Amino acid sequence: MNTSISSSLSFSSSNSNIQAIYTSYVEHLRIDMQAEDANVYVTNALRLIIENVLAQLSATLVVTISTRHLGTAQWFEYLMNNLVDSWRMTAVQLLHFRPGTVARPVPGRKRVNLLLVDSYGGLLDSNITPDNADFDDPDYYFIFLQARDRLIPQEMQLILEHCLAHYWLHCNVMIQTAQVEVLVYSYYPYSPGKCQQAEPRLVNRYDGRDWLDNTTMFPDKLSQMHGCPLTVLTWHQPPFVELHWDEGEQRILAGGFEMQLVRHLAGLMNFSVELSNLSLLPPEQYQLAEGVRLGPMEMVGLGLVIANPQKIHTLQLLQRGANLSMGYFRKTARRNQLLTTPMSYYSGNLVAVLPMERYRQGPLALLAFPFQPLVWLFLLLSLLVHLLLQLNRKTGGGGGGLQIIGLLLGASLARLPRSWRHRLIAAHWLLASLPLRVVYQSLLFHLIRLQLFAAPPLQWDQLLAEGYQGICTPQTHRLLLEMPQVVGHPENFRALDTSLEREVLETLQKSRESKLFAVANQDVTGSFFPSGGSFHVVRQPVNVEYAGIYMPKHSYLYSKVGEAVNRLDAGGFILAWRRAAFAQGRSQRSDPVQNSNLHGISGICLVMAGMYLLAGMVFVLELLLQRRR
């Protein structure tokens, strides 16, 4: 009895185990989904993609399985088991998101991706978009969409629109049809008559042995943009960008060397340019709720709303409302965090500028400058000695002291001394003073021609130590406040209500403050003061600033624009445009003519006027004494 019961239980247990094994076999191999030869067909196609395409792009591959149907997830796992030998020397990060499990985010950069999904929802569940959103360099997405044929067009359209919205330029979608056709689709953001649209386009097909086109699995999509418009955010920043209204065309036209760069890019990539003029508010309006001050580009990146006491202004360009920015937008850590920029096409020194008029030597100080104080001291002692010798003369007639002074100044003697000793003294004095007089007159003439100035500070931190006040634009002011040298002296700088550095230099030129200097770009300063004689640039630069083309974060224009800028810079085109723009600014402006020569000889005029005044007073005194006698 016990044996029979035991045999029955053993037979029942054996049947249940066989059923469990068979169920597991069916669920994992998904034999009920399609034939095994179809699985091998798809596996071979993916193996070629991994070995010949993805592995050539990076040594690290991220494989993500994200489905909303459990059976499809198990089938993808079966494919992965067959693809294990394809990794070889490639490091693989495998992420799995399946129904009924809690998704654990895995942060980090995911540059080359193989995604296995069954729908657009599965792609969203992978949460891969925010992981790559803050990086500038391009990434690659090869998405295998496994769905029923009737659902493929809708799901693929949603996936490609997601790629377009998040700047996934290298985004391919592979599908397998019911007839076991393996096709790869992608999108072109700019095509004839269709700009910024994600229309599926067949780019490759698997024939059972190889892909028909192995060289263009990720084709170049930006070499020909078919005249599609790109919005360029800009403002008036001569000579970088010069905006002016054209009455004939009734629109704003732009010039400057940065616009030359944009026009060259437009010709190279075949796109049209739509200008968006950025109107600025006073600097105190650019701040976030927590009080952190930002510039116009940061506000465009964040899509902020500006509150003005007079009226409420809403920023017209929201986030990603513009494609490019031009107008001397300097690179900062904050802008690099919010936006994307390729290599800098311009770099220049930020310098401290001082008006030289405040360091000009006074007219009387200029007369004493040719000789050192020690030389003047010895000359004065020699004059006193000769005057004492003349006072000891017994001869009458007087005028001995005046004759010594006259000989020093180059005048001849009206009467020779009778004593041979005094004649020798007079001859010695005349010959000794001749080279001094020639040297003095030559140096004085040379100094008058050169416009002599006192030595200005050689380092800009000396200006801070001496209590100088600096003026600059709000953009420069934000940059200065990040420097360690300025952290301890923030009160020494103030931002003017202007975005143009030329206006800052004009303010410095008109100001009468004795301790005032401007912080401006060295090239702008050189074009504003062509001769450079009226202003002094401190030798030590305040900082080095870099300007670049900014675009929305993770923009697909980054690589193409960066390559074009690199070629133009290596060929010298950008430098030539830059020099021509600043040279034109110099030719349009000249320093005001200054009466520097009159200022130099004014000291001589003052001395002559004083001597004539003294002579007149002596003459009047002699007349009064004569009348009293």
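In this text, all values refer to a predicted model and were calculated from it rather than measured experimentally.

Thresholds applied
Residues numbered from 1 in each chain as written. Predicted model: local features only at pLDDT ≥ 70, side-chain atom pairs only at ≥ 80, totals over all residues. Heavy atoms only, no water. Helix = DSSP H or I, 4+ residues; strand = E, 2+ residues; numbered from the N terminus. Expected span 1.5 Å × (residues − 1). Buried < 20%, exposed > 50% of the residue type's maximum accessible area, 1.4 Å probe, protein only. Arc of directions from axis to C-beta. Salt bridge = Lys/Arg side-chain N within 4 Å of Asp/Glu carboxyl O. Axes fitted to C-alpha atoms, helices over the stretch in contact; angles between N-to-C directions. Parallel < 35°, antiparallel > 145°, perpendicular 65-115°, else oblique. Left-handed = near helix turned anticlockwise from the far one by under 90°. Contact = heavy atoms within 4.5 Å.

Peer 1: How should I be thinking about helix 19 (residues 557-571) in this particular structure?
Peer 2: For an α-helix, the turn length of 3.6 residues means that residues three or four places apart are oriented alike. In this model, helix 19 (15 residues) spans 21 Å end to end at C-alpha, consistent with the 21 Å of a helix rising 1.5 Å per residue. Looking at helix 19, one finds that the buried residues are Leu 557, Val 561, Gly 562, Ala 564, Val 565 and Leu 568. Buried positions in helix 19, seen along its axis, are confined to an arc of 165 degrees and lie on one side of it. Backbone geometry just after helix 19 places Gly 572 at a positive phi near 85 degrees.

Peer 1: Would you mind showing me how to read the pattern of salt bridges here?
Peer 2: Pairing is possible between side chains that carry opposite charge, provided their charged atoms lie close to one another. If you walk through the whole model with that rule in mind, you get 13 salt bridges. Among the ionic pairs, Asp 220 bridges to Lys 560, the shortest N-O distance being 3.0 Å. One end of the pair, Asp 220, is in the loop between strand 9 (201-206) and strand 10 (229-234); the other, Lys 560, is in helix 19, and 340 residues separate them in sequence. Residue Asp 220 is classed as partly exposed on the basis of its relative accessible area of 45%. A salt bridge links Arg 330 to Glu 501, with the nearest nitrogen and oxygen atoms 3.7 Å apart.

Peer 1: In this structure, what is going on with the packing of helix 2 (residues 36-57) against helix 3 (residues 70-83)? I would like to understand it.
Peer 2: Helix-helix packing is described using two parameters, namely the angle between the two axes and the distance between the axes. Packing of helix 2 against helix 3 leaves a shortest axis separation of 10 Å and a crossing angle of 60 degrees. Judged by the angle between their axes, helix 2 and helix 3 are oblique. For the pair helix 2 and helix 3, the sense of crossing is right-handed. In contact with Glu 36, Asn 39, Val 42, Thr 43, Leu 46, Arg 47 and Ile 50 of helix 2, helix 3 contributes Trp 75, Tyr 78, Leu 79, Asn 82 and Leu 83.

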